[in-house]
Amino acid sequence: MNLCGLSRVPIPRRRLLLGWLALPLTLSGCSRRRTSEPGVVDLFIQSDGDFLAFRPDELTCRTGVLVHLTFHHAGKFLSARHNWVLVYPNQMEAVDKDAEKTEGVVSTDDSRVIAVVSMCDKGDTMMTQFIAPPPGDYPFFCSTPGHAVDMNGILHVTE
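Since the model is a prediction, treat every value here as computed from it, not as a measurement.

J.: Sorry, what's going on with the sheet that holds strand β6 (residues 113-120) here?
T.: The strands making up a sheet associate through backbone hydrogen bonding, with each pair oriented either parallel or antiparallel. Read from one edge to the other, the open sheet built from 5 strands follows the order β3-β9-β8-β5-β6, with strand pairing classed as mixed. Two strands close off the open sheet at either side, each with one partner strand: β3 (58-62) and β6. With direction set aside, neighbouring strand axes in the sheet form an average angle of 20 degrees. Judged from the 6 bridges that link them, strand β8 (residues 136-141) and strand β9 (residues 152-158) form a sheet pairing that is antiparallel. Following the sheet pairing, D137 is matched in β9 by H156.

J.: It is not clear to me how the side chain of Q46 should be interpreted in this structure. Could you clarify?
T.: Tracing the sequence through the fold places Q46 in strand β1 (residues 40-47). Beyond its immediate chain neighbours, meaning those up to four positions away, Q46 contacts A53, F54, R55, F71, H72 and A74.

J.: Please explain the packing of aromatic side chains as it appears in this structure.
T.: Centre-to-centre distance and the angle between the planes together describe a pair of aromatic rings. Applying the stated rule across the entire model yields 5 aromatic pairs. Aromatic side chains Y88 and Y138 sit 6.1 Å apart centroid to centroid with 70 degrees between the ring planes, which places their arrangement in the edge-to-face category. Of this pair, Y88 sits in the loop between β5 (82-87) and α2 (92-100) while Y138 sits in strand β8, and the two are 50 residues apart along the sequence. The class of Y88 is partly exposed, set by a relative accessible area of 35%. Look at Y138 and you get buried, because its relative accessible area is 6%. In this structure an aromatic cluster arises from ring pairing among F54, F71, W84, F130 and F140.

J.: Looking at this structure, I do not really get the pattern of salt bridges. What am I missing?
T.: Side-chain pairs of opposite charge can arise whenever the charged atoms involved come near each other. Within the structure shown, the criterion is met by 5 salt bridges. For R55, the salt bridge is made with D48, and the minimal N-O distance between the two is 3.2 Å. R55 sits in the partly exposed class, given a relative accessible area of 42%. Across the salt bridge formed by D98 and R112, the nearest N and O atoms sit 2.7 Å from each other. Linking D98 in helix α2 with R112 in the loop between α2 and β6, this pair joins segments that are 14 residues apart in sequence. Counted as one network, the salt bridges with shared partners bring together D98, K101, D110 and R112.

Reading guide: rules and limits
- Residues numbered from 1 in each chain as written.
- Predicted model: local features only at pLDDT ≥ 70, side-chain atom pairs only at ≥ 80, totals over all residues.
- Heavy atoms only, no water.
- Pairing = 2+ DSSP bridges.
- Helix = DSSP H or I, 4+ residues; strand = E, 2+ residues; numbered from the N terminus.
- Axes fitted to C-alpha atoms, helices over the stretch in contact; angles between N-to-C directions.
- Contact = heavy atoms within 4.5 Å.
- Phe/Tyr/Trp six-rings, centres within 6.5 Å; stacked < 30°, edge-to-face > 60°.
- Buried < 20%, exposed > 50% of the residue type's maximum accessible area, 1.4 Å probe, protein only.
- Salt bridge = Lys/Arg side-chain N within 4 Å of Asp/Glu carboxyl O.

Shown next as structure tokens:
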């Protein structure tokens, strides 16, 4: 008998048996939880050509992820060196002031600093990695003396 245009088609026993065996395995796989290992996120930022700015000047990631950050010095004409420094809230000015004494070099042992990309010349690309801190807004800047006023931004860390 044909109901609503559908005809009855026999299903081979082998397919029926495999379908019944696959169903419990599929359902048990759906109930598994993912491991609690933190994820990994790749972020890219660069200098805004020969201007004193980052592009983009805002980045976002989740708390606890391993961040692989790539910084590219996109300058073509000016020879100013740039870097990328991520600090805890309300610490940018103090770290920048201390960096003026060392020609912009920031110590990775500084407790106010979360991550640093070393100074690089135009055309260079550098990388760093760090675990994203607790949720909040974290400032980043270039520590070349005089650059932080214009060359700064925010890393938004979410839940």
